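Analysis of the macromolecular model
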Amino acid sequence: MKRPSYPNTLYFIKTFIVFLFIFLCHQLVQAQPKNKDLTALRKTRNPDTIRMLSAKLITEARKNNDQLLEGIVIFLQSKMAYRQGNVASALDLARQSVKHTNQKDSDTYTRASLMVAYMLAKQGKNVEALQTAFKMLRETDELHWKKMNIYSLVCISDIYQGMGNPSEALPYALKSSKEALELKDSSMYIISLSNISDLYSNSHIKSAANIKKATKYLEIVLSPPYLHFVAETSFDNSRFLGNLGSLYGQANDKRAESTIKQAIAISSEHKYTTLEKSQLSALIEVYNNQQRYAEAVKYGQQAIALDPGSENDKNMQKNLFNKLKEGYEGLGNYKLAYEYYGKSVKLEDSLSNLEKTKNAAELDKKYRNDERLIIADNETKLFHQQRNYLILLAILIAVALIATYNWLVYKRKKEAALLIKEREQLEKLAALKTRFFANISHELRTPLTLIMGPAGQLMDKEVDDEAQEQHYLKTIIRNGNKLLNLVNELLDLGKLEAGKLVLKLKPVALANFTKIIYQGFYSAAAFKKINYALVSTIDEQLFADLDIEKFEKISTNLISNAIKFTPNDGSITVTALTTDDAFNFSVTNSGAGIHPDDLPNVFDRYYQGHNEEQQLQGGTGIGLAIVREFTELMGGTITIDNVWKESVTFKVSIPLVNAELRPAEPQTVIGTIDIIEPVAITIDDNKMLVMIVEDNVDMAGYIADILKPTHTLVTAGNGAEALTMLNAMEKLPSLIISDVMMPEMDGFTLLETLKQTDNFCTIPVIMLTALTDKQHRLKALNTGVDDYITKPFSKDELIARVTNLISNAAARFELATSITPTLFETESTLANDADITPEESEIIHVSPADLVWLAELDTVVRMHVGKTDLNLYMLSDAVAISERQLFRRIKAITGLTPNKYIRTIRLQIAREAIESGKYRTIAEISYVAGFETPAYFSKLFKEYYGREVSDLL
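This structure is a prediction, so every number in the text was calculated from the model and none was measured.

1. Considering the sheet that holds strand E13 (residues 787-790)
As summarised here, the arrangement of the 5 strands in space is E10-E9-E11-E12-E13, forming an open sheet in which the pairing is parallel. Taken across any chain shown, the strands that pair with only one partner, and hence form the sheet edges, are strand E10 (711-716) and E13. Averaged over neighbouring strand pairs, the angle between their axes works out to 20 degrees when direction is ignored.

2. What to know about a negative patch on the surface
Together, Asp464, Asp465, Glu466 and Glu469 line one region of the surface with negative charge. Along the chain, the position of Glu469 falls in helix H20 (residues 466-498).

3. Looking at a nonpolar patch on the surface
Together, Tyr338, Tyr341 and Val345 make up an exposed nonpolar region whose accessible area comes to about 330 Å². If you trace the backbone, Tyr341 turns up in helix H17 (residues 334-367).

4. A word on the packing of helix H10 (residues 208-221) against helix H12 (residues 234-250)
Their axes nearest at 10 Å, the elements H10 and H12 cross at an angle of 150 degrees. Judged on the interaxial angle alone, H12 and H10 are roughly antiparallel. By crossing handedness, the relation of H10 to H12 is classed as left-handed. Of the residues in H12, those in contact with Ile211, Ala214, Thr215, Leu218, Glu219 and Val221 of H10 are Phe240, Asn243, Leu244, Leu247, Tyr248 and Gln250. Class assignment of the residues belonging to the contact of H10 with H12 gives a composition of 8 nonpolar, 3 polar and 1 charged.

5. Describing the packing of aromatic side chains
One pass over the structure, following the stated rule, counts 18 aromatic pairs. On the numbers, 6.1 Å between centres and 0 degrees between planes, the contact of Tyr200 with Tyr217 is stacked. Within this pair, whereas Tyr200 is found in helix H9 (residues 186-200), its partner Tyr217 is found in helix H10, the two being separated by 17 residues in sequence. For Tyr200, a relative accessible area of 11% corresponds to the buried category. Seen in terms of ring centroids, Tyr518 and Tyr532 are 4.3 Å apart; in terms of plane orientation they differ by 20 degrees. Their pairing is stacked. Of this pair, Tyr518 sits in helix H21 (residues 510-519) while Tyr532 sits in strand E2 (residues 531-536); the two residues are 14 residues apart in sequence, bridging distant segments of the chain. For Tyr518, a relative accessible area of 11% puts it in the buried group. A relative accessible area of 8% places Tyr532 in the buried class. Three or more aromatic residues joined by ring pairs form one cluster here, namely Phe513, Phe551, Phe583 and Phe585. In this arrangement the basic side chain of Arg662 is found over the ring face of Phe543, its NZ or CZ atom lying 4.5 Å from the centre.

6. Focus on the pattern of salt bridges
Counted under the stated rule, the structure contains 26 salt bridges. Here Arg801 ties to Asp787 by a salt bridge, and the two come within 3.2 Å at their closest N and O atoms. With Arg801 in helix H30 (residues 795-817) and Asp787 in strand E13, this residue pair connects regions lying 14 residues apart in the sequence. Taken as a pair, Arg801 and Asp787 share a single burial class, namely buried. A cluster of three or more residues bridged by salt bridges with shared partners is formed by Glu257, Lys261, Arg292 and Glu295.

7. Focus: the nonpolar core
Grouped together as the largest cluster of nonpolar side chains are 94 residues, with contacts concentrated most on Leu38, Leu41, Val73, Met119, Ile159 and Phe240. Apart from the residues lying within four places of it in its own chain, the contact partners of Val73 are Leu38, Leu41, Ser54, Leu57 and Ile58.

8. Overview of the sheet that holds strand E3 (residues 542-546)
Here we have 3 strands laid out as an open sheet, ordered E1-E3-E8, and antiparallel in their pairing. Only two strands of the sheet have a single neighbouring strand rather than two, namely strand E1 (506-509) and strand E8 (660-661). With respect to the sheet, H21 is in contact with E1 and E3, its orientation differing from that of E1 by roughly 75 degrees.

9. Side note on helix H26 (residues 697-707)
One turn of an α-helix holds 3.6 residues; hence residues three or four places apart share an orientation. When you tally the buried positions in H26, you get 11 out of 11 residues, the bulk of the element. Within the span of H26, buried status applies to Val697, Asp698, Met699, Ala700, Gly701, Tyr702, Ile703, Ala704, Asp705, Ile706 and Leu707. Looking at where H26 begins, the residue whose side-chain oxygen comes 3.0 Å from the main-chain nitrogen of Asp698 is Asn696.

Calculation rules
Residues numbered from 1 in each chain as written. Predicted model: local features only at pLDDT ≥ 70, side-chain atom pairs only at ≥ 80, totals over all residues. Heavy atoms only, no water. Pairing = 2+ DSSP bridges. Helix = DSSP H or I, 4+ residues; strand = E, 2+ residues; numbered from the N terminus. Axes fitted to C-alpha atoms, helices over the stretch in contact; angles between N-to-C directions. Patch = residues over 30% accessible without salt bridge, like charges linked within 9 Å, V, L, I, M, F, W, Y side chains within 5 Å. Areas by Shrake-Rupley, 256 points an atom, 1.4 Å probe, with all protein chains shown as cover. Salt bridge = Lys/Arg side-chain N within 4 Å of Asp/Glu carboxyl O. Lys, Arg positive; Asp, Glu negative; His and termini not counted. Charge placed at Lys NZ, Arg CZ, Asp CG, Glu CD. Parallel < 35°, antiparallel > 145°, perpendicular 65-115°, else oblique. Left-handed = near helix turned anticlockwise from the far one by under 90°. Contact = heavy atoms within 4.5 Å. Nonpolar A, V, L, I, M, F, W, Y, C, P; charged D, E, K, R; others polar. Phe/Tyr/Trp six-rings, centres within 6.5 Å; stacked < 30°, edge-to-face > 60°. Buried < 20%, exposed > 50% of the residue type's maximum accessible area, 1.4 Å probe, protein only. Lys NZ or Arg CZ within 6 Å of the ring centre and 35° of its normal. Core = buried A, V, L, I, M, F, W, Y, C linked by side-chain atoms within 4.5 Å. Polar contact = N/O pair within 3.5 Å; in protein donor to acceptor, adjacent residues only side chain to side chain.

Below, the structure written as structure tokens:
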């Protein structure tokens, strides 16, 4: 195949471009003479030159049959005639120009038509003028000629202004300026601003404020960056200067006379008769206002002499006569004053009669032959009136009905919207109340557990070691103080609302006091491996008056919050310093910080973050509210420096009161936190390994004290730390005991992660919770928790639950590794247990899918739980699986035989029935759970849960 010849193609393209360039240059040279003459005509102001160039161009246009060029030339002649004050000639030439032009030359076509409108208005034919201008406005709008559209708007505005109706003119003027600004056309913007200025200075809406606006617009036109546009055209320069001088005169500005005379000089030089006459009229007005009547009369006669007996601009002539009348009146020449007044009235009448005569003639012509129609109309007038009244009445009734209907619909919608809003507010309040009570329950139940548990052991004399006894007593006192502080905070809020809380100032050594508060949290920080530091520059001998109790609550709230929300291995810095008049205390902690959405509300009472994980970290929502209230009560301020996902700093500044230096004395602070770290436990391979996930040091220590005689323990401060430890452990724990409300990762999230991970899904989990509501309990059960214990709990209850779960897990492990006939209990419900052989029972690895199947089986068992004779046969039939397969699978997953598995579910149902509060007797609960006798039920319940049923009712 032959390849194309690219060089030949390129040569052809280059040759074509050269010929095209030569052709365009030729056309440009041919057109140059015509453009040169036309450009000269546009620029010249000499009448003789205009006549010569016009004649030449018109001859050339007619020779070449160039209608557009002839129309342009005639339009330029029309403009020059207007500038020389010959309105009639300008109108005639403009009409000729319109006949020669068309839409191909949008500029001449539009401006020639608008020149016709302007000249008609000058002759007092305002209706015809407006019709012409509005016609062009519609055309330019339809054709999207934006610049020409602006010209049309300006023209309509000018005509309305000449009619003495500035309120109608102003919207068009403002619209023209806006469109000119959007188009970035400086020349049109100048014209629009000048037009707006003229309107604001109009006598019908004239005021000091409007005169000021008008002056401002013209000063913009005659200032950079628009000045050079104006200076290019002597006509516009003269017109704008004259208008500005007139405005200065109305504002009694000294610049009025010089500005108007400058404009008159330009008009006189270029023979702009109409402009010069208008500017002389403005100068006369200035002189009249200054009572310089002789000069006013002098320039008035000069203005009349410019165009004696002119009929061109009757409005201007009328205004000039009025000003001369005022000037002669000021000189005391009442004869001439009356003479000019008569001329003014005569012109006023003629202007009014032009429109009236025309309208009257049209009406007369229209209705001259309609007398019979009028008579017939009079004869049926009564009938028409009656009909109209009936129609009107029907319309009024219909309108009233529609209005009533709409009002009722609106009222119902408003009421419905109000009800929806109230419901939403109630739901928010209910959610807030539920969350608050859940959190307050956690804050109360945890200390109660640490009071009631050790107290019970001490009462039962289960503690022989004196050191352990002292440890328990300190734990009771410490958690009793926590409850007292919580109650006091709630009471303080009530006192603050009632305005009954007062300051109790005492001298205190600030450095020592700060150090004592800092040290109270040292062990809590060490427990979480937090880098905990104090930075203090306060003089050891500096004393100041301070409400010790309230500042202690401020500082302890801030530090305890920092410890709660700082991750393990994070950092907390407590800073204390003084200035000349203030004691500054701040707490900075690393971590997630405060979400920007929550930042404006952190000091609001009972406020909890929108994040569900944050809500599960506990807290009552009153700590920071107390901090702010106490700080402001002491005349101080609190601020937050927050860097989301990095750190947060709370800064408290309190005024120094009676600060002085004196020898330091030991200070004691009541209620400081004394947290003891749990005793380290040596790992024993002969004991079952249990992991405790708990952020409260006291609670972790109490659980450890209960379990350490029989188990090896490891502790984690939150769910995230627990997962990290599990991934690093060679030997997994036999059981995990986890709290629900914890920072970083709460118990629910930890449980969900464990159950979705193959390596961890078989580890039994007990959840310790203060959340007793059904919603959280169901959430735990649905996620796959093996057991949950509600705070407060007893030692026996915890030991029983732990023992049962570890035993079940151990049985499951034995089955998975080596199944023998001895593993199968002799059950009356299983007739052929001996037929199940190890060969049929391969090693089974429990996976998350197995747990899903077990949850479905749990549902089936609960459906049949009312049957006291529920057995393996009935269960296998319900799930469509053989008895042997069902036996083997239940045993492998749970470590329990089917009968024990069913019994465990019955005990769970019994506990749920007790917690629901619906049942009052053991017999009722026994019946609901499907047990045959209350005595047998009570015995099993005690063995499984470690508590008597009667203690829970």
